[in-house]
Amino acid sequence: GYTLAARTLPARAVGGDFYDATLVEGQLAFALGDVAGKGMAAGLIASSVQARWQAAMRQRDLTATEMMSALNRDVLASTEGSRYATLVHALVDPGSGTMRYVNAGHPAPLVIGAAGTLVAALDVTAPAVGLLDAPEFPAASHVLQPGDTLVVVSDGVTEARDAGGIDWDLARIPALSARHAGDADALAAAIVAAVRDHRGPDQTQDDVTVFVLGRLA
């Protein structure tokens, strides 16, 4: 009853963004992270954060808050505060559509209805991972209704600029979602293509990553 897809476009040969998704006892767990900076250094930390997230998903008794706190301790210990990562972590119950999530300093994911209307923006609930010692990581919840589409992007999308210095407008996503309703792969590809067109000749501004999860009507 769901469709999901992702696209990533690194600014250099190695990117500092990552995404992942896995099944945890019949629920869908996913994450999209963005390590500060770009290139090899950011890519190495992104790989480490992703590996830690995957390991945490195998500890099935951890809550989202506990998992994020453990991840924060690991990142802080390994980088000594010199690097941090924004991260959206979520767990979706397929039957009810209930999504429990933590948004750690990341651009707000958008929930878009079947008609292409913006239903919700899932704002920040916690600071970025690896930035502070022992912060709180409270979880929030949202119910994905049949026909809803969740779009999570990295700041390479929100801060993509054209030659005149104008940022790409996230308000374009609902219209793109309506055009590609029910096709997560086509929507993810369309968002990346629109960002590339907006940036024009300057294609090395930042890593671009898009994750789309749609609940079929």
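Residues numbered from 1 in each chain as written. Predicted model: local features only at pLDDT ≥ 70, side-chain atom pairs only at ≥ 80, totals over all residues. Heavy atoms only, no water.

1. Structural notes on the nonpolar core
No. 1: In terms of nonpolar packing, the biggest core is built from 24 residues, with Met57, Met67, Met68, Leu71, Leu87, Val129 and Phe137 touching the most fellow members.
No. 2: Elements represented by at least two residues in this core include exactly β2 (17–24), β3 (27–35), α1 (40–58), α2 (64–79), β4 (85–92) and β5 (98–104).
No. 3: Sorting elements by how many residues they give to this core places α1 first, with seven residues.
No. 4: Every residue in contact with Met68, bar those within four places of it in the chain, is listed here: Leu87, His89, Val102, Ala104, Val129 and Phe137. (Core = buried A, V, L, I, M, F, W, Y, C linked by side-chain atoms within 4.5 Å. Buried < 20%, exposed > 50% of the residue type's maximum accessible area, 1.4 Å probe, protein only. Helix = DSSP H or I, 4+ residues; strand = E, 2+ residues; numbered from the N terminus. Contact = heavy atoms within 4.5 Å.)

2. Observations concerning the sheet that holds strand β10 (residues 208–215)
Hydrogen bonding along the main chain pairs the strands of a sheet, whether they run parallel or antiparallel.
No. 1: Read from one edge of the open sheet, five strands run β1-β10-β9-β6-β7, paired in antiparallel fashion. Sheet topology places β1 (2–9) and β7 (118–121) at the edges, where each strand pairs with a single neighbour. Shown here is a sheet whose adjacent strand axes are inclined to one another by a mean of 15°, direction ignored.
No. 2: Inspection of the sheet shows β1 paired to β10 by eight bridges, in the antiparallel sense. If you follow Ala5 over to β10, its bridge partner there is Val212.
No. 3: Against the sheet, helix α5 (residues 184–199) touches β1, β9 (149–153) and β10, its axis set at about 25° to β1. (Pairing = 2+ DSSP bridges. Axes fitted to C-alpha atoms, helices over the stretch in contact; angles between N-to-C directions.)

3. Considerations on the packing of α1 against α2
Any two packed helices are characterised by how steeply their axes cross, that is the angle between the axes, and by the distance between the axes.
No. 1: Orientation of α1 relative to α2, taken along the N-to-C sense of each, is 145°, at an axis distance of 10 Å. Considering only the axes of α1 and α2, their crossing is right-handed. Facing Ile45, Val49, Arg52, Trp53, Ala56 and Met57 of α1, the residues of α2 in contact are Met67, Leu71, Asp74, Val75, Ser78 and Thr79.
No. 2: Taken together, the residues of the contact of α1 with α2 break down into eight nonpolar, two polar and two charged. (Left-handed = near helix turned anticlockwise from the far one by under 90°. Nonpolar A, V, L, I, M, F, W, Y, C, P; charged D, E, K, R; others polar.)

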